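The residues making up each chain are set out below.
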Amino acid sequence: RGVQAHRLCPPRGAGSSLEPEERSMEPPAVPEEEEEEEEAVPLSVAPGPVGCQLFGYVGIEAVLEQMKIKTMKTGFEFNIMVVGQSGLGKSTMVNTLFKSKVSRKSSQPGQEERIPKTVQLQSITHVIEEKGVKMKLTVTDTPGFGDQINNENCWDPIIKYINEQYERYLREEILITRKRKIPDTRVHGCVYFVPPTGHWLRPLDLEFMRRLSKIVNVVPVIAKADTLTLEERAEFKQRIQEDLKTHTISVYPQEDFDQDPEDRALNDRIREKIPFAVVGADQEHQVNGKRVLGRKTKWGIIEVENPAHCEFPLLRDLLIRSHLQDLKDITHNVHYESYRVRRLNESNRPG
């Protein structure tokens, strides 16, 4: 075994020079004793680029536990933006996603703050903790978007806000003595609420998603889908998919950013369902002896978390359970990186 280990991992010394050596194509001569020893005790080497085989437990896998403990101590940040006309249930949907009152700050118990219907953006930050994991959640609402008679350039305040967060992060990043952990206020995901008309996307919807999809992850949803029948919902969803493809609008998850075949297969199934037909509710009702989130009507209760009633579970899984880290990675590696390159090129121009 000593001879074999010596052959697998050559000692560093004169033979480990960084300069390339001329080697003969013929195999080296093997002494008879060494040859007999190899035949007697065959050694299996793991395939791959690894040069040395582990003969016992080292503990490399413990790094995962270290990362988990560190993340649970420091927590992480997630910033989401909701865009759509008034009355489409944006605030209720956010409350349903995180099962808490996170879309409004109440000045008095039991009362919600009335946000004026202007295009001025409102950001609210909460710290949510679940099983020891802390998340600093920032919800940015756009009350009054698309409510005006003239909606020309109504997306400008939203684009300005997103770019301001990129600029704030960039300024912290290029400092000579910068913070150990830069506060991340960049928008990781933008949920766009499409009115449940049942016909097609409006020019406002197309123009907004065309502009915003270049700087942020846009996830379109059909708001208040319980106002449509199943047939109307399927037809409306198909028309939206055709409109997005016709106008080359790339919504999240983007095909260009799939890392491997497994990611592509999973994201293909998600892309078939987009836009999600969702129903939001922040009140619980009694159904078959269980407390469920839903909307109560004269003919029954629409269960929000029931896949047979709406596609809210798909939206929740995409934003939180399966793609939350991917949303943050694409924001940092793609959208923020393109903004950083553009800003640095502008600053380096002469004059």
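Residues numbered from 1 in each chain as written. Predicted model: local features only at pLDDT ≥ 70, side-chain atom pairs only at ≥ 80, totals over all residues. Heavy atoms only, no water.

Teacher, can you tell me more about the packing of aromatic side chains here?
The description of an aromatic ring pair rests on the distance of the ring centres and on the angle between the ring planes. A complete count under the given rule lists six aromatic pairs for this structure. Pairing F145 with Y192 gives two aromatic rings, centres 6.2 Å apart and planes at 85°, and the pair type is edge-to-face. Here Y192 lies in strand β4 (residues 189–194) and F145 lies in the loop between β3 (133–141) and α5 (156–173), a separation of 47 residues in the sequence. Across the pair, exposure class does not vary: F145 and Y192 are buried alike. Put simply, the rings of Y166, Y169, Y336 and Y339 pair up and form one aromatic cluster. Residue placement shows R186 over the ring face of Y169; its charged tip is 3.7 Å from the ring centre. (Phe/Tyr/Trp six-rings, centres within 6.5 Å; stacked < 30°, edge-to-face > 60°. Helix = DSSP H or I, 4+ residues; strand = E, 2+ residues; numbered from the N terminus. Buried < 20%, exposed > 50% of the residue type's maximum accessible area, 1.4 Å probe, protein only. Lys NZ or Arg CZ within 6 Å of the ring centre and 35° of its normal.)

Which parts of the structure should I look at to understand the pattern of salt bridges?
Where charged atoms from two side chains of opposite charge approach closely, those side chains can pair. Within this structure, the stated rule accounts for 19 salt bridges. Members of the salt-bridge network, linked through shared partners, are K99, E305, R316, D317 and R321. (Salt bridge = Lys/Arg side-chain N within 4 Å of Asp/Glu carboxyl O.)

Please explain the packing of α5 against helix α6 (residues 203–212) as it appears in this structure.
A packed helix pair is summarised by two numbers, namely the angle formed by the two axes and the spacing between the axes. Interhelical geometry of α5 versus α6 gives an angle of 15° and a closest axis separation of 11 Å. In terms of orientation, α5 and α6 fall into the roughly parallel class. Relative to α6, α5 is oriented so that their crossing is right-handed. Contacts between α5 and α6 pair I158, I159 and I162 from the former with F208, R211 and L212 from the latter. Among the residues making up the contact of α5 with α6, the classes are represented as five nonpolar, no polar and one charged. (Axes fitted to C-alpha atoms, helices over the stretch in contact; angles between N-to-C directions. Parallel < 35°, antiparallel > 145°, perpendicular 65-115°, else oblique. Left-handed = near helix turned anticlockwise from the far one by under 90°. Contact = heavy atoms within 4.5 Å. Nonpolar A, V, L, I, M, F, W, Y, C, P; charged D, E, K, R; others polar.)

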